[in-house]
Amino acid sequence: MRDLTDEAAAIAKELGGVTLLRDHGGGFSPLTVQLHRISAENHAGDPRAALDAARAISLKALPSVERRSRALGDIAVTYDRLGRRSDCVRTLLAAERWSPQETHARPATKALISSLLVSGPTSTELRGLAERSGVLA
């Protein structure tokens, strides 16, 4: 995965800018490759590498609020896997500020919120997010 992602990053850098792709809102760019890297590192079981990848992006550079919210969701997963609960909740709340609808509807985010509710102490903020997301029924 890392070899292929590095290759994709090199191609994106060589192409320069954003290469628009049909049916793909963000196109192909070094930034979109970096977003993929966050998710891929999480799925590969290396949240520290995912956090390093996340630190290399600027959320404001992302092309839409949906992409920002998704990126923050992936970063929240990273914090959860690192045992950084308060950072995880703070990041989920930031995702909600960027795009409430995306945050409330995304199954992976709802699963993370649900997991947080049963895995440790809850805060008013987490309970509110869970309620707004329909996790608390």
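Residues numbered from 1 in each chain as written. Predicted model: local features only at pLDDT ≥ 70, side-chain atom pairs only at ≥ 80, totals over all residues. Heavy atoms only, no water.

## A short note on the nonpolar core
Inference 1: Grouped together as the largest cluster of nonpolar side chains are 23 residues, with contacts concentrated most on I38, C88, L92, I113 and L116.
Inference 2: Of all the secondary structure elements, the ones that give two or more residues to this core are helix 2 (30–43), helix 3 (47–55), helix 4 (65–81), helix 5 (85–98), helix 7 (107–119) and helix 8 (124–132).
Inference 3: Residue contacts for L92: discarding those within four places in its chain leaves A76, T103, T109, L112, I113, L116 and L129. (Core = buried A, V, L, I, M, F, W, Y, C linked by side-chain atoms within 4.5 Å. Buried < 20%, exposed > 50% of the residue type's maximum accessible area, 1.4 Å probe, protein only. Helix = DSSP H or I, 4+ residues; strand = E, 2+ residues; numbered from the N terminus. Contact = heavy atoms within 4.5 Å.)

## Quick look at helix 2
Inference 1: Between its first and last C-alpha, helix 2 extends 20 Å over 14 residues, near the 20 Å set by a 1.5 Å rise per residue.
Inference 2: Along helix 2, the residues classified as buried are T32, V33, Q34, L35, R37, I38, A40, E41 and N42. (Expected span 1.5 Å × (residues − 1).)

## Examining the packing of helix 1 (residues 2–15) against helix 2
Inference 1: As a packed pair, helix 1 and helix 2 sit with axes 9 Å apart at the nearest point and diverge in direction by 170°. Classed by the angle they form, the pair helix 1 and helix 2 counts as roughly antiparallel. Considering only the axes of helix 1 and helix 2, their crossing is left-handed. The segment helix 1 lies against helix 2, with R2, T5, D6, A8, A9, A12 and K13 engaging P30, V33, H36, R37 and E41. (Axes fitted to C-alpha atoms, helices over the stretch in contact; angles between N-to-C directions. Parallel < 35°, antiparallel > 145°, perpendicular 65-115°, else oblique. Left-handed = near helix turned anticlockwise from the far one by under 90°.)

## Quick look at the side chain of T103
Inference 1: In this fold, T103 is placed in helix 6 (residues 100–105).
Inference 2: Those residues in contact with T103 that lie beyond four places of it in its chain are S69, L92, A95, E96, T109, L129 and S133.

## A few points about the side chain of R106
Inference 1: With respect to the element layout, R106 can be found in the loop between helix 6 and helix 7.
Inference 2: In this structure R106 comes out as buried when scored by relative accessible area, which is 13%.
Inference 3: With residues up to four places along the chain from it excluded, the contact list for R106 reads R70, G73 and D74.

## Description of the packing of helix 7 against helix 8
Inference 1: Here helix 7 crosses helix 8 at 140°, and the two axes come no closer than 10 Å. Considering their axes alone, helix 7 and helix 8 lie oblique with respect to each other. Helix-helix and strand crossings are classified by hand; for helix 7 and helix 8 the assignment is left-handed. Along its contact with helix 7, which presents I113, L116 and L117, the element helix 8 presents L126, L129 and A130.

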